[in-house]
Amino acid sequence: MKIDSYKTIELYAKRFKKDNQIEYQTIYQHTMDLLNNMDKLFEEYREDIEEGCKKLQIDCNKFEYLLRLAIIYHDLGKANSKFQQKIRDKAKINEVPQINNLSREVPHNFISIAFVDLEDEIEKGNINSQDFENLLFTIAFSHDRSFDFDCKYFEKYINDDVAKYLENESLNPLFNLLPSAPDKDKILENSKYFYRLITKLRESMFKEQYDFSDKNVIFRILLKGFLHRLDHSSSAGIIAEEIKIQNFPKKVEFYLKNKGKFAGFKDFQKKAIELSGKNVILFAPTGSGKTEFGLNWASKSKLIYTLPIRVSINAMYERLAKVFGEDKVGILHSDSTMYLIEKYMNSEHENQELETLFDNIDLAKNLSLPVIVTTGDQIFTSALKWPGFEKIYSLFLYSKIIIDEPQSYSPESLAIIIKTLEEIINLNGKFCLMSATINPIILKYIGKYAEYVQAYSDEDLKKMYSHIVSIKELTILDCIDEVIENGKRKNVLVICNTVKRAQEVYQAIKESLKNSEEIPVELLHSRFLEGQKRQKEQIIMSNQRKNGIVISTQLVEASLDIDYDILFTELASADSLLQRMGRIYRKRTYNDLYPNIIILTKDPSGVGKIYQKDIVDRTEEFLKDFHGNKITEYDKKRLNEYAYNVNALEKTRFINNFNKAYELLKLGYRADRKIEAQKIFRDIVTISGIPKEIFDRNFEEINETLKKIKTRSLKSTEKLKLIFSIRKYTVTVPAYFFTNGGVRIYDKDSGIYILDCEYDNELGLIPPKTLEQSDIW
């Protein structure tokens, strides 16, 4: 039935599917969800928020008041016929009044501005003109929408349609929450003024330089960010902040005691508790317990824990979930949903628990859990000011961040991280950056903001060693016999700089073992099928065998708690070599007199492409004196400082790339979208595709699954299970491998690509012919 009256029509804000039925949420219901979510957020973190506001010299009561107003106003603009028609299904569209000569919808976030009437509040002195502008800015840009309408069209849109909805009965409860209800006559009278106001706000947004020394800039970022978070979490039907963890050190101690052999925290781990109110840069040898330091430092704050590599994040998530409980820890990276689904599918769970899993995924995506383990691109890209970046920055009013293993990032990514940390300090954020290889650039730029902590004194570091080094002017392929001989009685780790070289080493070892005793040999790199790669990761991390050979790449460098007997590695940059060494005799005393670190310096792969040649050359130069000798933890510290000496590298590509990125950020560079910012941060665009022969071999299963995925009545949980069943056939590769062709899209809706590459179950993806001789594979 068509309803002509603007007064009685139901005004919807959201439309969603539940049990294959379309359901609607009214503007009133959605707004109340946000207000309730806001109350819970402040209830949980009020003490932290008030303390943060005090340090930033922000009036917390005013901030809370303006946030409440922003919530009430932000969706009132959905009271317009074009939006109400769009949100309804065909059966309900006739309920909405039809307006002639209004062909295009004006985004609701701009229309919401017309409802704001706070003249009395300004006159009473409850808010000032700056507060008013901050509120309008927050509402107008609560969504990233274009505004390409002329004044005449906008005026007609307001006068002929929007103003009439002020009579709607469902809006009255919201108007009653405002200091003064919107006035229809004023709206009709001021439609041109609203147009000019929106134009002015858009101009100020495009010109915004984000001066973090300006208290008003800080206030606006926090206000807009809080609204984004409350809106997104409420739309997902989840809480903005789960119950916080009250005492990190106590939880960590309880977990370690239950594991056994816990004699108490080390001195430097105890010091973390004292430093919980400060920024910290921690230098700690691999395996010394820096994770426990970081968790103690977190104290009782919300914690963001970043790592550079996905496999390390998965391992850290599982570790922290054991410490704090799965309901307290979230995981967030480009493939975290599939990781959690696979984890669920491989365990004994009741079907109803899948819904809980998806709740946890939503909570992680909305950063609602007290601990989030994530890749850097989810957080640090905020320095690129993509639309809505305030959602991330606003967390740091009451949150802390750990940057674990920062040495794995490119110079451009390092510049972005440093810029982010400089900015979040101004938002009351606290950081703990920790590694066994602290890049001197980090100390140069942010050392002044942080307390530098060494897990052990230099004198102690000189006494600590678990490695004896052998430097050989051979290629890694020249050492196959030596690798095999060691593999007969030891657990051997071979690390290559490129996937191609790792494949060559694996082939050479398997060829040599053809007619001899069997030794377990495992190859792991990033270009195996997703399902196969996960299995390999588990085998390598469990390391249950008495002997065998594992060949891998940088994939095993960062924060993996693995412990092997001997390392054969290609020459690489100092930080990578030191991380590789950290996988050998990680928590054991080495009493032998023979080298357990073999570094091969002849023709290492990837130098000049993956690793900066200047840094690799300085690394080799320093290590020459250690051939046949032990290398202490103090020596390792000096190696890293020497290789990355800022003055010595001043004219190198590494420093040049860092400086260019850092200066660009200082000049106010912005990314148009978050995905663009993530690509810039990762310095790489990837494609997830199915190798052609794998696709041909499983053609019927893949096609049948795609048909089921497109079934309209399918529940979202079932759909994700089906997507996971296809994902096990995919390989992730850099897009630049296929700049000259070799990739095609098979199913646009599902994002299925076919890669014109051979695939070998033992070797993984074989490079396309155009890259056979290249050093980037």
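Cut-offs and rules
- Residues numbered from 1 in each chain as written.
- Predicted model: local features only at pLDDT ≥ 70, side-chain atom pairs only at ≥ 80, totals over all residues.
- Heavy atoms only, no water.
- Helix = DSSP H or I, 4+ residues; strand = E, 2+ residues; numbered from the N terminus.
- Rg over C-alpha atoms; globule rule 2.2 N^0.38 Å.
- Buried < 20%, exposed > 50% of the residue type's maximum accessible area, 1.4 Å probe, protein only.
- Areas by Shrake-Rupley, 256 points an atom, 1.4 Å probe, with all protein chains shown as cover.
- Pairing = 2+ DSSP bridges.
- Core = buried A, V, L, I, M, F, W, Y, C linked by side-chain atoms within 4.5 Å.
- Contact = heavy atoms within 4.5 Å.
- Expected span 1.5 Å × (residues − 1).
- Axes fitted to C-alpha atoms, helices over the stretch in contact; angles between N-to-C directions.
- Salt bridge = Lys/Arg side-chain N within 4 Å of Asp/Glu carboxyl O.
- Patch = residues over 30% accessible without salt bridge, like charges linked within 9 Å, V, L, I, M, F, W, Y side chains within 5 Å.
- Lys, Arg positive; Asp, Glu negative; His and termini not counted.
- Charge placed at Lys NZ, Arg CZ, Asp CG, Glu CD.
- Nonpolar A, V, L, I, M, F, W, Y, C, P; charged D, E, K, R; others polar.
- Arc of directions from axis to C-beta.
- Parallel < 35°, antiparallel > 145°, perpendicular 65-115°, else oblique.
- Left-handed = near helix turned anticlockwise from the far one by under 90°.

Caption draft 1: Spotlight on the overall build of the protein. If you tally the helices and strands in the protein, you get 32 helices and 21 strands. A globule of 777 residues ought to have a C-alpha radius of gyration of about 28 Å, and the protein, at 29 Å, matches this closely. With respect to the principal axes defined by its C-alpha atoms, the protein has extents near 90 × 60 × 50 Å. Relative to its 777 residues, the protein shows a buried fraction of 58%. For the protein, the exposed surface amounts to about 33600 Å²; the carbon and sulfur share of it is 46%.

Caption draft 2: Geometry of the pairing of strand S18 (residues 743-747). As defined by bridge partners, S18 adjoins strand S19 (residues 752-755) across four bridges and the pair is classed as antiparallel. Bridged to Ile745 within S19 is Tyr753. As consecutive antiparallel partners, S18 and S19 are separated by four residues, and within that stretch Gly751 has a phi angle of approximately 65°, a positive value.

Caption draft 3: Layout of the nonpolar core. Counting residues in hydrophobic clusters, the biggest one holds 167 residues, and the most contacted among them are Ile49, Tyr73, Ile401 and Leu421. When residues no more than four places from it in sequence are discounted, the contact partners of Ile49 are Leu41, Phe42, Cys60, Phe226, Leu397 and Tyr398. Ala502, Ile519, Tyr729 and Leu755 belong to the second largest nonpolar core, which has 43 residues in total.

Caption draft 4: Quick peek at helix H6 (residues 129-140). Helix length check: H6 (12 residues) gives 16 Å between terminal C-alpha atoms against 16 Å at 1.5 Å per residue, within 8%. Counted residue by residue, H6 has nine buried out of 12 residues, so it is predominantly covered. Listing the buried residues of H6 in full gives Asp131, Phe132, Asn134, Leu135, Leu136, Phe137, Thr138, Ile139 and Ala140. Packed against the buried residues of H6 are helix H2 (60-74), helix H4 (108-111), helix H5 (119-124), helix H10 (191-207) and helix H11 (215-235).

Caption draft 5: The sheet that holds strand S13 (residues 548-552), seen in detail. If you trace the six strands from one edge of the open sheet to the other, you get S10-S15-S14-S11-S13-S12, paired in parallel fashion. At either end of the open sheet lies a strand with only one pairing partner, and these are strand S10 (469-472) and strand S12 (521-523). Taken over all neighbouring pairs, the strand axes of this sheet differ in orientation by 15° on average, direction set aside. Pairing geometry for strand S14 (residues 566-570) and strand S15 (residues 597-600), over four bridges, is parallel. Bridged to Phe568 within S15 is Ile598.

Caption draft 6: Seen up close, the pattern of salt bridges. The final tally for this structure, using the stated rule, is 48 salt bridges. Taking the shortest distance from any N to any O, the salt bridge between Lys257 and Glu253 comes out at 3.5 Å. In this pair, Lys257 and Glu253 both sit in helix H12 (residues 248-259), four residues apart, roughly one turn of the helix. In this structure Glu253 comes out as partly exposed when scored by relative accessible area, which is 29%. Its salt-bridge partner being Glu451, residue Lys278 comes within 3.5 Å of it at the nearest N-O pair. Of the two residues, Lys278 is situated in the loop between helix H13 (267-274) and strand S3 (280-283) and Glu451 in strand S9 (residues 451-454); the sequence distance between them amounts to 173 residues. For Glu451, a relative accessible area of 28% gives the class partly exposed. When salt bridges that share partners are traced, they join Arg310, Glu530, Lys533 and Arg534 into one network.

Caption draft 7: Representation of the sheet that holds strand S17 (residues 731-734) within the structure. With mixed pairing, four strands are arranged side by side in an open sheet as S17-S16-S19-S18. Looking at the sheet topology across the chains shown, the edges are occupied by S17 and S18. Neighbour-to-neighbour, the strand axes of this sheet turn through a mean angle of 50°, independent of strand direction. Pairing analysis gives three bridges linking strand S16 (residues 686-691) to S19, with the strands arranged parallel. Across the sheet, the residue bridging to Ile690 is Ile754, located in S19. Where helix H31 (residues 699-709) meets the sheet, its contacts fall on S16, S18 and S19, and the angle it forms with S18 comes to roughly 55°.

Caption draft 8: Geometry of a positive patch on the surface. On the surface, Arg15, Lys17, Lys90, Arg712 and Lys719 cluster together to form a positively charged patch. Residue placement: Arg712 occurs in the loop between H31 and helix H32 (716-727). With a relative accessible area of 76%, Arg712 lands in the exposed category.

Caption draft 9: Focus on the environment of Lys82. The topology assignment puts Lys82 in helix H3 (residues 81-87). The class of Lys82 is partly exposed, set by a relative accessible area of 23%. For the pair Lys82 and Lys322, spaced 240 residues apart in sequence, the C-alpha to C-alpha distance is 50 Å. Apart from residues no more than four positions distant in its own chain, Lys82 is found in contact with Leu102, Ser103, Arg104, Glu105 and Tyr157.

Caption draft 10: Just the packing of H12 against helix H14 (residues 290-298), in detail. At a minimum axis distance of 7 Å, the contact between H12 and H14 shows a crossing angle of 145°. Taking contact as the criterion, the partners of Phe248, Pro249, Val252 and Leu256 in H12 are, on H14, Glu292, Leu295, Asn296 and Ala298. Per-class residue counts for the contact of H12 with H14 are six nonpolar, one polar and one charged.

Caption draft 11: Structural detail: H13. Buried within H13 we find Phe268, Gln269 and Ala272. Seen along its axis, H13 keeps its buried residues to an arc of 105°; they face one direction. Away from the buried face of H13 by more than 90 degrees, exposed residues Asp267 and Glu274 are located. Packed against the buried residues of H13 are S3 and H14.

Caption draft 12: Quick look at the packing of helix H19 (residues 411-425) against helix H28 (residues 653-666). Where H19 contacts H28, the two axes come as close as 8 Å, and the packing angle between them is 40°. If you check the angle between H19 and H28, you find them oblique. Crossing of H19 over H28 shows right-handed handedness. From H19, Pro411, Glu412, Leu414, Ala415, Ile416, Ile418, Lys419 and Glu422 reach across to H28, where they touch Phe654, Asn657, Phe658, Ala661, Tyr662, Leu665 and Lys666. Looking at the contact of H19 with H28 residue by residue, the classes come out as 10 nonpolar, one polar and four charged.

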